[in-house]
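# Report on the structure
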Amino acid sequence: MKAELFYVPILLLLLAAGCDKDKYNKPIGNRREMVAGSTWRVGEIKDNGTVTSLGCKHDDLWVFSPDGGNGYIDDGNDRCNTEDNTTFSYEVTGDQRSVHMWNMDNKTAYGAHFHETWWLTFEFIYMTESEMIVRYYDDDGRDGRQHHYEIRFVRAN
């Protein structure tokens, strides 16, 4: 009986570890179709593992056009700046594990100072029809520090 009780906590730890690994970058599904023609609201932002205040980003919408190539960030009513919305071009990679965005003008406030030739790559951590969690890195932030961002989006349409 004592030997059986010894194995129960070990079994539970193995099951918990296995569940967490199974969620990473799954389910793949058809992310290209889930991104194209959809609008996503920012739900949570983590900077180096710490949840940060959304501040003026709380009402931002990331809009990906149905053509699968263009999009924009609607800065909402609580604007982070006084300029027009940030526009970009995008492409989901062939393996559907990332989405690349480029031709971003330098209006957004998502960590990095974007410019026309800069590529932003969101690595999909998790994605379903209603939720998308992505990760990206800014190795030379405005403050001179490295930042590893994780953003959870909730589908708005």
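To keep things clear, this report deals only with the structure shown in the data block. (Residues numbered from 1 in each chain as written. Predicted model: local features only at pLDDT ≥ 70, side-chain atom pairs only at ≥ 80, totals over all residues. Heavy atoms only, no water.)

All right, on to the nonpolar core then. Trp62, Met101, Phe122 and Phe153 are the most contacted members of the largest nonpolar core, which totals 25 residues. Sorting elements by how many residues they give to this core places strand 7 (residues 120–127) first, with four residues. (Core = buried A, V, L, I, M, F, W, Y, C linked by side-chain atoms within 4.5 Å. Buried < 20%, exposed > 50% of the residue type's maximum accessible area, 1.4 Å probe, protein only. Helix = DSSP H or I, 4+ residues; strand = E, 2+ residues; numbered from the N terminus.)

Here Glu150 lies in strand 9 (residues 147–155). Assessed through its relative accessible area of 24%, Glu150 is described here as partly exposed. Along the backbone, Glu150 and Phe124 are 26 residues apart, and their C-alpha atoms lie at a distance of 9.7 Å. Among all residues touching Glu150, those that are not within four sequence positions of it are Glu44, Ile45, Lys46, Ile133, Val134 and Arg135. (Contact = heavy atoms within 4.5 Å.)

What follows deals with the pairing of strand 6 (residues 98–102). Where burial is concerned, most of strand 6 is hidden: four out of the five residues are buried. In this structure, strand 5 (residues 86–92) lies alongside strand 6, joined through four bridges in antiparallel fashion. Paired with Glu91 across the strands is His100, a residue of strand 6. What sits between strand 5 and strand 6 in their antiparallel hairpin is a turn of five residues, with Gln96 showing a positive phi close to 60 degrees. Of the pairings in the sheet, the one linking strand 6 to strand 7 comprises four bridges and is antiparallel in character. Of the residues in strand 7, the one forming a bridge with Met101 is Leu120. (Pairing = 2+ DSSP bridges.)

Among the structural elements, Gly37 can be located in the loop between helix 2 (31–35) and strand 1 (39–47). The spatial distance from the C-alpha of Gly37 to the C-alpha of Ser65 is 4.7 Å, given a sequence separation of 28 residues. The residues contacting Gly37, other than those within four sequence positions of it, are Phe64, Ser65, Pro66, Tyr90 and Asn157.

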